[in-house]
Amino acid sequence: MDISAQEGITDARELGMPKYIILGIQHLFAMFGATVLVPVLTGLSVSSTLLFAGIGTLVFHFVSKSPLLWSGSLCAGGCNPQCDSAK
C-alpha cells in the first residue's frame, strides 16, 4: 500500500479490529488527560470538568448535526443504520 497516494480514512471500520481497538485506547488516554488529569493538576473540580465536557459534546452534536456517536451504538458513524440514513 502506497501511503503517499492514500486518501484519508473516513470510516474506522476499514482499519480492521486490532487497529480499531488501538485507536479506542488512544482516545481513552487522550480523553483522560484532557478531562481528568488537567483538572487534578490545576486544582479544578473533576466532576464539573466532566459535566461541562458532556454539555460541550451535546452542544457540538446539536450545532453540527453530526451523526457520529449519536445513536444508541458506541461506534463511529456508519456502523448504525440510523447513521447511514443521516448521510
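## A closer look at the overall build of the chain
Next, step 1: Of regular secondary structure, the chain possesses three helices and zero strands.
Next, step 2: When contacts within the chain are restricted to residue pairs at least 6 apart in sequence, those whose partners lie at least 24 apart make up 16%.
Next, step 3: Working note: accessible area of the chain is about 6900 Å², and carbon and sulfur atoms make up 71% of it.

## Quick notes on helix 1 (residues 17–42)
Next, step 1: Here helix 1 contains 26 residues, and its C-alpha end-to-end distance of 37 Å stays within 8% of the 38 Å for a straight helix at 1.5 Å per residue.
Next, step 2: The axis of helix 1 is deflected most strongly, by about 40°, at Gly 33.

## Structural notes on helix 2 (residues 46–64)
Next, step 1: Taking 1.5 Å per residue, 19 residues should reach 27 Å; helix 2 reaches 27 Å between its end C-alpha atoms and fits that length.
Next, step 2: A positive phi of about 55° marks Lys 65, the residue just after helix 2.

## Some points on the side chain of Thr 35
Next, step 1: Position of Thr 35 relative to the elements: it lies in helix 1.
Next, step 2: The exposure class of Thr 35 is buried, given its relative accessible area of 11%.
Next, step 3: A distance of 2.6 Å separates a polar atom in the side chain of Thr 35 from the backbone oxygen of Met 31.
Next, step 4: Not counting the four nearest positions on each side in its chain, Thr 35 is found in contact with Val 46, Thr 49, Leu 50 and Ala 53.

## Structural notes on the environment of Ser 47
Next, step 1: Counting through the fold element by element, Ser 47 comes out in helix 2.
Next, step 2: Residue class for Ser 47 comes out exposed when judged on its relative accessible area of 55%.
Next, step 3: Sequence-wise, Ser 47 and Val 36 are 11 residues apart; in three dimensions their C-alpha atoms are separated by 8.7 Å.
Next, step 4: A distance of 3.0 Å separates the side chain of Ser 47 from the side chain of Ser 45, its partner in a polar contact.

What counts and how
Residues numbered from 1 in each chain as written. Predicted model: local features only at pLDDT ≥ 70, side-chain atom pairs only at ≥ 80, totals over all residues. Heavy atoms only, no water. Helix = DSSP H or I, 4+ residues; strand = E, 2+ residues; numbered from the N terminus. Contact = heavy atoms within 4.5 Å. Areas by Shrake-Rupley, 256 points an atom, 1.4 Å probe, with all protein chains shown as cover. Expected span 1.5 Å × (residues − 1). Bend = angle between axes of the 7 residues up to and from the residue. Buried < 20%, exposed > 50% of the residue type's maximum accessible area, 1.4 Å probe, protein only. Polar contact = N/O pair within 3.5 Å; in protein donor to acceptor, adjacent residues only side chain to side chain.

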